[in-house]
Amino acid sequence: SIRQQTYLIELVKTLEQQLDLQQASELETEAQLLLIDPDSLLLHDLQRSSQSIGLAWKQMTHLDATRTWLRSHSPQLIAISVEAIGLEPTLQLLTELATRTPAIPTLVMAAEANLRDRVTFAQAGGQGFLAKPTTAAQIWEATTKLLQRHWSQTIQVLVVDDDPVFLGVLRSLLEPWGMVMT
């Protein structure tokens, strides 16, 4: 009937608009790396290193502001300076990030470089560790390794359907989770 066709056309238009908005917001958040450290010189050096591949760093210095920002953003990686927010808050944040879906790789930077501390950070959810003092080059090298490891873990999903709208919607739902439709 004409009423059903009109309804389907409107539904498709609405879905296309939502997909466009979602893709735009994904592009906005996709290129973000989060640095939790007050050192603005370090941030400047990291920005210079990452610009060549289209990634940008955002700097946060307070835990409450970081948590608020993370509610609406999903960075590709987070580098945390333990001295910037403290040991216990760092462990709490790592635990929170480890339970997030999709997972966000985390790099922990701390003045303490003993094995016990590294194990503690890993158990809390940290995937990388650097002993301070660190240079921007060292952080960038560790960041790229973590990102490569994270990005290489893709899941392929085989979907068979003749409805292109359904396939498009399903693809937009799966891809942010690291799944590739084939």
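Attention here is on the structure that accompanies the text. (Residues numbered from 1 in each chain as written. Predicted model: local features only at pLDDT ≥ 70, side-chain atom pairs only at ≥ 80, totals over all residues. Heavy atoms only, no water.)

The end-to-end C-alpha separation of helix α2 (residues 40-51) is 16 Å, in line with the 16 Å expected for 12 residues at 1.5 Å each. Among all positions of α2, only Leu 42, Leu 43, Leu 46 and Ser 50 are buried. Buried residues of α2 fall within an arc of 95 degrees about the axis and therefore sit on the same side. The exposed residues of α2 that point more than 90 degrees off its buried face are Leu 41, Arg 48 and Gln 51. Between a side-chain oxygen at the N-terminus of α2 and the backbone nitrogen of Leu 41 the separation is 3.0 Å; the capping residue is Asp 39. (Helix = DSSP H or I, 4+ residues; strand = E, 2+ residues; numbered from the N terminus. Expected span 1.5 Å × (residues − 1). Buried < 20%, exposed > 50% of the residue type's maximum accessible area, 1.4 Å probe, protein only. Arc of directions from axis to C-beta. Polar contact = N/O pair within 3.5 Å; in protein donor to acceptor, adjacent residues only side chain to side chain.)

What follows deals with the packing of aromatic side chains. Inspection of the entire model under this criterion finds 1 aromatic pair. Ring geometry for Phe 121 and Phe 129: centres 5.8 Å apart, planes at 20 degrees, overall stacked. When its relative accessible area of 4% is taken as the criterion, Phe 121 is described as buried. When its relative accessible area of 18% is taken as the criterion, Phe 129 is described as buried. (Phe/Tyr/Trp six-rings, centres within 6.5 Å; stacked < 30°, edge-to-face > 60°.)

Moving on: the sheet that holds strand β2 (residues 56-60). If you trace the 5 strands from one edge of the open sheet to the other, you get β2-β1-β3-β4-β5, paired in parallel fashion. Both edges of this open sheet fall to β2 and β5 (128-131), since each of them pairs with a single strand only. The average angle at which neighbouring strand axes cross in this sheet is 20 degrees, direction not considered. For strand β4 (residues 106-110) and β5, the ladder comprises 4 bridges, and the chain directions are parallel. By the bridge assignment for β5, Met 109 is matched with Leu 130. Packed on one face of the sheet, α2 meets β1 (32-36) and β2 and runs near 165 degrees to β2. Packing of helix α5 (residues 87-98) onto the sheet brings it into contact with β1, β3 (77-81) and β4, and relative to β3 it is tilted by some 170 degrees. (Pairing = 2+ DSSP bridges. Axes fitted to C-alpha atoms, helices over the stretch in contact; angles between N-to-C directions. Contact = heavy atoms within 4.5 Å.)

Okay, helix α3 (residues 63-72) next. Among all positions of α3, only Leu 63, Thr 66, Trp 69 and Leu 70 are buried. Seen from one end, α3 has its buried residues packed into an arc of 125 degrees, which puts them on one side. Turned more than 90 degrees from where α3 packs its buried face, Asp 64, Arg 71 and Ser 72 sit exposed. Elements in contact with the buried residues of α3: β1, β2, β3, α4 (82-85) and α5.

Going through the model one piece at a time under the given rule, you end up with 5 salt bridges. Taking the shortest distance from any N to any O, the salt bridge between Asp 37 and Lys 132 comes out at 3.1 Å. A residue pair is termed long-range when its members are at least 10 positions apart, and Asp 37 in the loop between β1 and α2 and Lys 132 in the loop between β5 and α7 (136-151) qualify at 95 residues. The class of Asp 37 is buried, set by a relative accessible area of 4%. Salt-bridge contacts for Lys 145 lead to Glu 141; the nearest nitrogen and oxygen are separated by 3.2 Å. Note that Lys 145 and Glu 141 are positioned in helix α7 at a spacing of 4 residues, about one turn of the helix. Connected through shared salt-bridge partners, Asp 37, Glu 83 and Lys 132 make up one network. (Salt bridge = Lys/Arg side-chain N within 4 Å of Asp/Glu carboxyl O.)

Judged by nonpolar contacts, the single largest core of 20 residues is most densely connected at Ile 78, Ile 80, Leu 93 and Phe 121. At the level of secondary structure, the elements contributing two or more residues to this core comprise β1, α3, β3, α4, α5, β4 and α6 (115-124). Setting aside anything within four residues of it in sequence, one finds Phe 121 in contact with Val 82, Leu 87, Thr 90, Leu 91, Leu 94, Val 108, Ala 110, Gly 126 and Phe 129. Within the second largest apolar cluster, 18 residues are counted, among which are Leu 46, Leu 77, Leu 130 and Leu 147. (Core = buried A, V, L, I, M, F, W, Y, C linked by side-chain atoms within 4.5 Å.)

Keep in mind that these numbers describe shape and distance, not what the molecule does.
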